[in-house]
Amino acid sequence: MARSVISALSSAVPAPDDDREPIYVTRPELPPLEAFIPSLRKIWDSKILTNSGPFHQEFERKLCEYLGVKHIALFANCTIGLVTALQALRITGEVITTPYSFVATAHSLLWNGIKPVFVDIDPETFNLDPRRIEAAITPQTTAIMPVHCYGYPCDVERIQAIADNYGLKVIYDAAHAFAVKRQGTSVLAHGDLSVLSFHATKGFTTFEGGAIVCPDDKIRQRINHLKNFGFVDEVTVVAPGINGKMSEFNAALGLLQLEGIDKALAKRGAVDRRYRAGIADLPGIRCLKPPADARTNHSYFPILVEAGYPLTRDELYQKFRDHNIFVRRYFYPLISDFPMYRGLSSAAHDNLPVARRISGQVLCLPIYPDLTLKQVDRIVELLRPPKST
Ligand SMILES: *Cc1c(COP(=O)(O)O)cnc(C)c1O
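Residues numbered from 1 in each chain as written. Predicted model: local features only at pLDDT ≥ 70, side-chain atom pairs only at ≥ 80, totals over all residues. Heavy atoms only, no water.

A look at the pairing of strand β17 (residues 362-365)
And step 1. Where burial is concerned, the two faces of β17 agree: the one with Val 362 and Cys 364 and the one with Leu 363 and Leu 365 are both buried.
And step 2. Judged from the four bridges that link them, strand β15 (residues 301-305) and β17 form a sheet pairing that is antiparallel. Across the sheet, residue Pro 302 finds its bridge partner in β17, namely Cys 364. (Buried < 20%, exposed > 50% of the residue type's maximum accessible area, 1.4 Å probe, protein only. Helix = DSSP H or I, 4+ residues; strand = E, 2+ residues; numbered from the N terminus. Pairing = 2+ DSSP bridges.)

Considering the pattern of salt bridges
And step 1. Enumeration over the complete set of coordinates arrives at 17 salt bridges.
And step 2. The partner of Asp 129 in a salt bridge is Arg 131, with the nearest N and O atoms 3.0 Å apart.
And step 3. Put simply, Glu 381 and Arg 384 hold a salt bridge, and the shortest N to O gap is 3.7 Å.
And step 4. Given the relative accessible area of 30%, Arg 384 is considered partly exposed.
And step 5. Each of the salt bridges in this network shares a partner with another, and the network as a whole consists of Asp 122, Asp 129, Arg 131 and Arg 132. (Salt bridge = Lys/Arg side-chain N within 4 Å of Asp/Glu carboxyl O.)

Comments concerning the sheet that holds strand β8 (residues 185-186)
And step 1. Read across the sheet, three strands follow the order β8-β7-β14 without closing on themselves; strand pairing throughout is antiparallel. If you trace the sheet from one side to the other, it starts and ends with β8 and β14 (294-295), each paired once.
And step 2. As paired elements, strand β7 (residues 181-182) and β14 share two bridges and run antiparallel to each other. What sits directly across from Arg 182, in β14, is Ala 294.

Some points on the environment of Ala 277
And step 1. Relative to the elements of secondary structure, Ala 277 occurs in helix α8 (residues 248-279).
And step 2. Spatially, the C-alpha atoms of Ala 277 and Val 380 are 9.7 Å apart, while their sequence positions differ by 103 residues.

Section: helix α3 (residues 54-67)
And step 1. When the terminal C-alpha atoms of α3 are compared, their 20 Å separation across 14 residues agrees well with the 20 Å that a helix rising 1.5 Å per residue should span.
And step 2. Where α3 is concerned, the buried positions are Phe 55, His 56, Phe 59, Glu 60, Leu 63, Cys 64 and Leu 67. Looking straight down α3, one finds that the buried residues subtend no more than 165° of arc, so they occupy a single side. Among the exposed residues of α3, those pointing more than 90 degrees away from its buried face are Arg 61 and Glu 65.
And step 3. Its buried side turned inward, α3 meets α2 (33-46), β2 (71-75), β8, β9 (193-197) and α8. (Expected span 1.5 Å × (residues − 1). Arc of directions from axis to C-beta. Contact = heavy atoms within 4.5 Å.)

Considering the sheet that holds strand β5 (residues 141-145)
And step 1. With mixed pairing, the seven strands of this open sheet are ordered in space as β2-β10-β9-β6-β5-β3-β4. Strands at the two margins of the open sheet, each flanked by one partner only, are β2 and β4 (115-118). Ignoring which end each strand starts from, the neighbouring axes of this sheet average 25° apart.
And step 2. Direction of pairing for β2 relative to strand β10 (residues 210-214): antiparallel, over a ladder of five bridges. Bridged to Phe 75 within β10 is Gly 210.
And step 3. Sitting on the sheet, helix α4 (residues 78-88) is in contact with β2, β5, β6 (169-173), β9 and β10, with an inclination near 165° to β9.
And step 4. Each of β2, β9 and β10 is contacted by helix α7 (residues 217-226), which is oriented at about 15° to β2, the strand it contacts most. (Axes fitted to C-alpha atoms, helices over the stretch in contact; angles between N-to-C directions.)

A short note on the site of the ligand
And step 1. If you check the shell around the ligand, you find 14 residues, and the closest are Thr 79, Asp 173, His 176, Ser 197 and Lys 202.
And step 2. One of the side-chain nitrogen or oxygen atoms of Thr 79 is found 2.6 Å away from an oxygen atom of the ligand.
And step 3. Contact between the ligand and His 176: an oxygen atom at 2.7 Å from a side-chain N or O atom of the residue.
And step 4. Notes on the ligand: free accessible area 390 Å², of which the protein chains cover 93%. (Near = heavy atom within 4 Å. Polar contact = N/O pair within 3.5 Å; in protein donor to acceptor, adjacent residues only side chain to side chain. Areas by Shrake-Rupley, 256 points an atom, 1.4 Å probe, with all protein chains shown as cover.)

Right under this line is the structure:
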């Protein structure tokens, strides 16, 4: 108490390593403003603001190169990308998906009049558990929509094998999976389509933005029509499309962000290692381990607060907040517990014990390129249970 009075009275602006400085779960990495001005000048000179302009085209090309994928269709955001991906593949009926994700995953199904069927997650990867998918397939099932949660790759082979067996499409919500690789190749190359997010809170940002990764050129063309109202030329509209286009501003910024992404990923990696070293010996706190053959992007640092820890997850969450550290409970509540999903009656719906347990134990600690190792130490220090003497 006395301490907080003293810090309130002190007028100095806190430095990043000051232990009063609030720390948020993420903070966007931006290029120097001066570096962006020449791109803005080009946009102002050309007056081309959107509709697949030069920055848009160059960003699509460079993204394909960087990510090692065949085709990309840029979007205004990931959610409209997901809605459009489902339309492009003409998905209907029921889709099997995970309850342990951001609501947009399932919302994209409701926007298409599709019924989400929630299937439990794997206790190690937190991704859709392939062992439970088959039991949830009905004659109405047309697709599977898994999420590479925290950028940890799904079991893409087993999911594809089930999809092939039952003639289902696979659309990955890859909002967390920018630059993620598995056995040396992009995780985005799997499934029929993968949808990325470039939102401000994600590991790679264009302020708002997203993209569909697409292995097939014909589907890509269809996606490009759908994201532009269904226009194929000035007078022909082939589908009730939406406006999902990314603007030149976002594309120009994305090009600049690409130049700094490897450095940013390396800085995130250093934060990740510091956390793991600091948390290794803490009883009751478990770090998630990415699969050995994966290169992740360190966009999140989830921990589980287990029974051996002296505080509950929510008590620890509150303790962090009391110390100006804004950790987040990703993902709590489960999507299946939100009102628009609670009413979906299905046996699978009430059978989500793993997702429910993890959702009650998880806490995502701050991680971003400019988080200092000293700040990481301050966070780890708060995790140490008070010594009972
Ligand atoms: C952030 C996120 C989205 C939505 O992305 P937007 O670009 O904000 O629309 C979808 N799915 C998951 C898993 C996300 O984390």
